[in-house]
Amino acid sequence: MDPNQTVGENYANPKTCFFHVLFKAGALAFYILSALFFNSFVIIFVVTVLLAALDFWVVKNVSGRILVGLRWENEINDLGESVWKFECLDQESLARMNKKDSWLFWWTLYLTAVAWIFLGIFSLIRFQADYLLVVGVCVSLSIANIVGFTRCRKDAKKQIQQFASQTIASRMSSTIQSAFSVV
């Protein structure tokens, strides 16, 4: 790495990466440091959950689309069944995605969930059921994004494989047709 090069220059979307990390770090830092500044559990609960919800929304709707080219939705249909909807960029756009952006997205997604689980275990050991509730909400939001994006990535890979198979089959078909039409 060139000593004159800044770290942010390696990322294709440094502002998106910054906000992707900011809300995660903000929720975790507020939760950890809030005991030093506030005696009110309600303030700690509301602000921590609000920051975690902002993180959830930013990851699901903004940074997931920009950094890895994926977006997911889960809806309940009229029959009461859960229906997953996935969106991904086309194969050419996915191939151009920045590897550092993608690496940052996936690692922070998983590490945040691990951090919340660790804090949940810590609350459990200290017998703080009320703080375990805060952590439970934050873990749920983190795991929802992990599940959504993991399913979306698998669906995108399946779509790419289907597209490749169809392209090869159509090329072979046209080649065979042109070979027989010459005769």
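Residues numbered from 1 in each chain as written. Predicted model: local features only at pLDDT ≥ 70, side-chain atom pairs only at ≥ 80, totals over all residues. Heavy atoms only, no water.

Identification of the chain as Golgi apparatus membrane protein TVP23 from Kingdonia uniflora is taken from an unreviewed UniProt entry. Word for word, the UniProt comment on the chain under Function (unreviewed entry) is "Golgi membrane protein involved in vesicular trafficking." Among the UniProt annotations of the chain, the heading Sequence similarities (unreviewed entry) holds the following wording: "Belongs to the TVP23 family." (UniProt positions renumbered as here; feature names shortened; annotations may be inferred.)

Enquirer: Which parts of the structure should I look at to understand the side chain of serine 123?
Expert: Following the sequence through the fold, serine 123 ends up in helix H4 (residues 99-125). Classification of serine 123 by relative accessible area gives buried; the value is 2%. Engagement of the side chain of serine 123 in a polar contact is seen with the side chain of tyrosine 31, the distance being 3.1 Å. The residues touching serine 123, leaving out its near neighbours within four places in the chain, are Tyr31, Gln128, Tyr131, Leu132 and Val135. (Helix = DSSP H or I, 4+ residues; strand = E, 2+ residues; numbered from the N terminus. Buried < 20%, exposed > 50% of the residue type's maximum accessible area, 1.4 Å probe, protein only. Polar contact = N/O pair within 3.5 Å; in protein donor to acceptor, adjacent residues only side chain to side chain. Contact = heavy atoms within 4.5 Å.)

Enquirer: How should I be thinking about the pairing of strand S1 (residues 70-76) in this particular structure?
Expert: Consecutive side chains of a regular strand alternate in pointing toward one face of the sheet and then the other. Note: S1 against strand S2 (residues 82-88), seven bridges, orientation antiparallel. Bridged to leucine 70 within S2 is cysteine 88. (Pairing = 2+ DSSP bridges.)

Enquirer: Is there a simple way to think about H4 in this case?
Expert: Owing to its 3.6 residues per turn, the α-helix aligns residues three or four sequence positions apart on the same side. With 27 residues, H4 should reach 39 Å at 1.5 Å per residue; the first-to-last C-alpha distance of 39 Å fits that figure. For H4, the full list of buried residues reads Asp101, Leu104, Phe105, Trp106, Thr108, Leu109, Thr112, Ala113, Trp116, Leu119, Gly120 and Ser123. With its phi angle positive at about 55°, phenylalanine 127 sits one or two positions after the end of H4. (Expected span 1.5 Å × (residues − 1).)

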